[in-house]
Amino acid sequence: MDTASTGAYDDVRTASRALATEAVHAGRDDLARQGLHAPPIDLSTTYPSYDSRAEAARIDAFAADGADPAGPPVYGRLGNPTVARFETALARLEGTESAVAFASGMAALSAVLLACSAAGLRHVVAVRPLYGCSDHLLTAGLLGTEVTWTDPAGIAGALRPDTGLVMVESPANPTLAELDLRAIAHACGSVPLLADNTFATPVLQRPAEQGARLVLHSATKYLGGHGDVLAGVVACDEEFAGRLRQIRFATGGVLHPLAGYLLLRGLSTLPVRVRAASANAAELARRLAADPRVARVRYPRLGGAMVAFEVHGDPHEVISRVRLVTPAVSLGSVDTLIQHPASISHRIVDAEDRRGAGVSDRLLRLSVGLEDVDDLWADLDRALGAPPVRQLTPLREAVR
């Protein structure tokens, strides 16, 4: 029976396993010794204990520092063995001590902000663009935080004694702008840097190696990878992880065990999926950049499976004409999705702020999947419609 806590699956910690190997084996290293091949799904909400004194001591220990209670599980809000396997695996892939999973990416970000606020550090410095709901959460001050928006060069000057967090996203949603995370981490000084790594994934980038203390994922996207799980996760050091577990316990933003199982399964194919989708995306970006119906193409130097492009015509017409590509929110699935950020993912951001961050009304965001690239291009070619009467030269741009 699988009753170990986070980290207990990792006593086989080889010094240097390749990412592809870690993706397959991290969080599963104990299975063969249990006579298992596939990880079990533990759906229990509570667990029997005949030693209430020991139970009380373990709960007291959790209350002190948020460390996972030693021994068998206690209650589903304190932790779940299946979810713990995913947390262990994600921490290994990101190169951090720990990871804490939540019911969604926004629940994960909210927990970080609450942890900072609880320490009296309510001020956040952030760089646009961010995911639209992240932007809104900070701007509206829904959790009692105050935000200062700045460009990367202004981060050091924006810090205050009550600054608890610097937040960036690279490549950014939806413009795919890339930031120098190492330089930003240096500018942060002792203030924790949170880097949203949803678009890049640990396959392309490991922000902790560049100085970020916190690495945020909407695990709904590439980590799950199949459009069938909603989740968020923060990879970080164990000290901050303890604070996040306490927030999760108090607020109840827990991840369901079935979601934890699907995420662990998704991680096993993450490197293969990201690299295959990235190859498709690079080719589509090349074809779009050469197309007179396209005004600008944005594709990161880092690579990845996301492409952003602006059209000369009506972007809503492009959305309405796709047939193979799915017009839908979200990203990172095995199938290709397209959306109009100004209407959906970033609609909640003030229009002036949105445009100032480079999210124009003609921008389309394409999450490229695993279909044949020629089939994808045939669908996009049809959706883009007739070329303009005046043949304009598209602006080819490698996002900085």
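The structure under discussion appears in the preceding block.
Below: a short report on this structure.

Rules used in this analysis
- Residues numbered from 1 in each chain as written.
- Predicted model: local features only at pLDDT ≥ 70, side-chain atom pairs only at ≥ 80, totals over all residues.
- Heavy atoms only, no water.
- Helix = DSSP H or I, 4+ residues; strand = E, 2+ residues; numbered from the N terminus.
- Rg over C-alpha atoms; globule rule 2.2 N^0.38 Å.
- Contact = heavy atoms within 4.5 Å.
- Areas by Shrake-Rupley, 256 points an atom, 1.4 Å probe, with all protein chains shown as cover.
- Patch = residues over 30% accessible without salt bridge, like charges linked within 9 Å, V, L, I, M, F, W, Y side chains within 5 Å.
- Salt bridge = Lys/Arg side-chain N within 4 Å of Asp/Glu carboxyl O.
- Buried < 20%, exposed > 50% of the residue type's maximum accessible area, 1.4 Å probe, protein only.
- Pairing = 2+ DSSP bridges.
- Phe/Tyr/Trp six-rings, centres within 6.5 Å; stacked < 30°, edge-to-face > 60°.
- Lys NZ or Arg CZ within 6 Å of the ring centre and 35° of its normal.
- Axes fitted to C-alpha atoms, helices over the stretch in contact; angles between N-to-C directions.
- Left-handed = near helix turned anticlockwise from the far one by under 90°.
- Nonpolar A, V, L, I, M, F, W, Y, C, P; charged D, E, K, R; others polar.
- Core = buried A, V, L, I, M, F, W, Y, C linked by side-chain atoms within 4.5 Å.
- Expected span 1.5 Å × (residues − 1).

## Side note on the overall build of the chain
Then step 1. On a plain count of helices and strands, the chain comes out with 14 helices and 13 strands.
Then step 2. Computed over C-alpha atoms, the radius of gyration of the chain comes to 22 Å, within 12% of the 21 Å expected from 2.2 N^0.38 for 400 residues, which places it in the range of a compact globule.
Then step 3. With respect to the three principal axes, the spread of C-alpha positions in the chain is 80 × 50 × 35 Å.
Then step 4. By sequence separation, contacts in the chain at least 24 residues apart represent 72% of the contacts at least 6 residues apart.
Then step 5. When the accessible area of the chain is evaluated, it comes to approximately 16400 Å², of which 56% is carbon and sulfur surface.

## Re a nonpolar patch on the surface
Then step 1. Taken together, the side chains of I41, L43 and L258 present a nonpolar region at the surface, about 270 Å² in accessible area.
Then step 2. Within the secondary structure, L43 sits in the loop between α1 (19-25) and α2 (52-65).

## Things to note about the pairing of strand β4 (residues 163-169)
Then step 1. In terms of burial, β4 is a largely internal element, seven of the seven residues being buried.
Then step 2. Taken together, the four bridges between β4 and strand β5 (residues 193-196) define a ladder with parallel strand orientation. When the sheet's bridge partners are listed, V168 is paired in β5 with A195.

## Considering the packing of aromatic side chains
Then step 1. Summed over all chains, the structure comprises one aromatic pair.
Then step 2. Measuring from centroid to centroid gives 5.6 Å for F62 and F249, while their planes differ by 75°, and the two rings are edge-to-face. Remark: F249 occurs in helix α9 (residues 238-251) and F62 occurs in helix α2; sequence separation between them is 187 residues.
Then step 3. Note that R128 overlies the ring of W149, its terminal NZ or CZ placed 3.9 Å from the centroid.
Then step 4. Directly above the ring of F102 sits R248, whose terminal nitrogen or CZ lies 6.0 Å from the centroid.

## As for the packing of helix α11 (residues 270-289) against helix α14 (residues 373-384)
Then step 1. Following both chains from N to C, one finds α11 and α14 inclined at 35°, their axes separated by 10 Å at the closest point. The element α11 and its partner α14 pack so that their crossing is right-handed. On the side of α11, the interface is formed by N280, E283, L284, R287 and L288, while α14 contributes V373, D374, L376, W377, L380 and L384.
Then step 2. The residue makeup of the contact of α11 with α14, split by class, is seven nonpolar, one polar and three charged.

## Some details on the nonpolar core
Then step 1. One finds F86 and L223 to be the most contacted residues of the largest nonpolar core, which totals 38 residues.
Then step 2. At the level of secondary structure, the elements contributing two or more residues to this core comprise α1, α3 (81-94), β1 (98-102), β7 (232-236), α10 (257-268), α11 and β9 (306-311).
Then step 3. Those residues within four positions of F86 in sequence are excluded, and the remaining contacts are A101, A219, L223, V233, L255, G260, L263, L264 and L267.
Then step 4. In this structure, V100, M167, L194 and I247 belong to the second largest nonpolar core, which totals 26 residues.

## A closer look at α2
Then step 1. Helix length check: α2, at 14 residues, gives a terminal C-alpha distance of 20 Å against a target of 20 Å (1.5 Å per residue), a fit within 8%.
Then step 2. G66, located one to two residues past α2, shows a positive phi value of around 75°.

## Regarding unusual backbone geometry
Then step 1. In this chain, R128 is followed by P129 through a cis amide linkage whose omega measures 0°.
Then step 2. The omega torsion across N173 and P174 is 5°, close enough to zero to call that bond cis.
Then step 3. By secondary structure assignment, the location of P174 is in the loop between β4 and α7 (181-188).
Then step 4. Despite not being glycine, T201 shows a phi value in the positive range, around 65°.
Then step 5. Its location among the elements puts T201 in helix α8 (residues 201-204).

## A look at the sheet that holds β5
Backbone hydrogen bonds are what pair the strands of a sheet, in a parallel or an antiparallel way.
Then step 1. Taking strand neighbours across the sheet as the criterion, the seven strands line up as β1-β7-β6-β5-β4-β2-β3 in an open arrangement whose pairing is mixed. Taken across any chain shown, the strands that pair with only one partner, and hence form the sheet edges, are β1 and β3 (146-149). Adjacent strand axes in the sheet meet at a mean angle of 20°, parallel and antiparallel pairs treated alike.
Then step 2. Here α3 sits on the sheet in contact with β1, β6 (214-217) and β7, set at roughly 130° to β1.
Then step 3. Each of β2 (123-126), β3 and β4 is contacted by helix α5 (residues 132-140), which is oriented at about 120° to β3, the strand it contacts most.

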